[in-house]
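Each chain is listed here by its residues.
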Amino acid sequence: MPANPKYLTQCKWQRFAKITAAILGGYLVSMSFHLALTTLFNRADVVITMAFSGFILWVILMVIAFLAKNGWKIWLIYLGLTILFLGIFFGVNS
């Protein structure tokens, strides 16, 4: 059963932003979050659990991106979170 067209995003740029934010942005946030966790916990343990928890977090971030009204705002949020987590990782490890 196809989706009701009135609930779908009409603008092609918004659709592009949501899809790329879901796939690429969600992946960047997920991986940078786990890198930041390596500053608190043993690196080997985080890498091992990242195989499962990273995928689960990525899927949750994908769903959030598609539920949002504005794809560009999601991109800004995801990029901000990625920069924050990478800042924590590189700040502690430098």
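You'll find the structure just up there.
A brief structural summary. The shown structure was predicted, so the numbers you read here are calculated from the model rather than taken from an experiment. (Residues numbered from 1 in each chain as written. Predicted model: local features only at pLDDT ≥ 70, side-chain atom pairs only at ≥ 80, totals over all residues. Heavy atoms only, no water.)

As a further point, take a nonpolar patch on the surface. Together, I19, I23, L24, Y27, L28, F66 and L79 make up an exposed nonpolar region whose accessible area comes to about 610 Å². Top contributing element to the nonpolar patch by residue count: helix α1 (residues 12-37), with 5 residues. Relative to the elements of secondary structure, Y27 occurs in helix α1. (Patch = residues over 30% accessible without salt bridge, like charges linked within 9 Å, V, L, I, M, F, W, Y side chains within 5 Å. Areas by Shrake-Rupley, 256 points an atom, 1.4 Å probe, with all protein chains shown as cover. Salt bridge = Lys/Arg side-chain N within 4 Å of Asp/Glu carboxyl O. Helix = DSSP H or I, 4+ residues; strand = E, 2+ residues; numbered from the N terminus.)

Here we come to the packing of helix α2 (residues 43-67) against helix α3 (residues 71-93). Interaxial distance between α2 and α3 falls to 13 Å at its minimum, and their mutual angle equals 165 degrees. In terms of axis orientation, α2 runs roughly antiparallel to α3. Between α2 and α3 lies a crossing of right-handed hand. Every residue of α3 that contacts α2 at R43, L61, I64 and A65 is listed here: I74, Y78, F89 and N93. (Axes fitted to C-alpha atoms, helices over the stretch in contact; angles between N-to-C directions. Parallel < 35°, antiparallel > 145°, perpendicular 65-115°, else oblique. Left-handed = near helix turned anticlockwise from the far one by under 90°. Contact = heavy atoms within 4.5 Å.)

One finds A17, A21, A22, V29, A36, L61, A65, A68, I74, W75, Y78 and F85 forming the largest nonpolar core, which totals 12 residues. Every element with two or more residues in this core is listed here: α1, α2 and α3. Of all the elements, α1 adds the most residues to this core, at 5 residues. In contact with A65, other than residues within four places in its own chain, are K18, A21, A22, I74 and Y78. (Core = buried A, V, L, I, M, F, W, Y, C linked by side-chain atoms within 4.5 Å. Buried < 20%, exposed > 50% of the residue type's maximum accessible area, 1.4 Å probe, protein only.)

Another aspect to go through is the packing of aromatic side chains. Under the defined criterion, the tally for this structure stands at 5 aromatic pairs. Pairing F33 with F85 gives two aromatic rings, centres 5.3 Å apart and planes at 65 degrees, and the pair type is edge-to-face. Separated by 52 residues along the polypeptide, F33 in helix α1 and F85 in helix α3 bring together distant segments of the chain. For F33, a relative accessible area of 30% gives the class partly exposed. Measuring from centroid to centroid gives 5.0 Å for F89 and F90, while their planes differ by 65 degrees, and the two rings are edge-to-face. An aromatic cluster of three or more residues is present, and its members are Y27, F55 and W58. (Phe/Tyr/Trp six-rings, centres within 6.5 Å; stacked < 30°, edge-to-face > 60°.)

As for its position among the elements, K18 is in helix α1. Here K18 is buried and forms no salt bridge, its nearest opposite-charge partner D45 lying at an N-O distance of 39 Å. A distance of 2.9 Å separates a polar atom in the side chain of K18 from the backbone oxygen of A68. Residue contacts for K18: discarding those within four places in its chain leaves T9, A65, F66, A68, K69 and G71. (Lys, Arg positive; Asp, Glu negative; His and termini not counted. Polar contact = N/O pair within 3.5 Å; in protein donor to acceptor, adjacent residues only side chain to side chain.)

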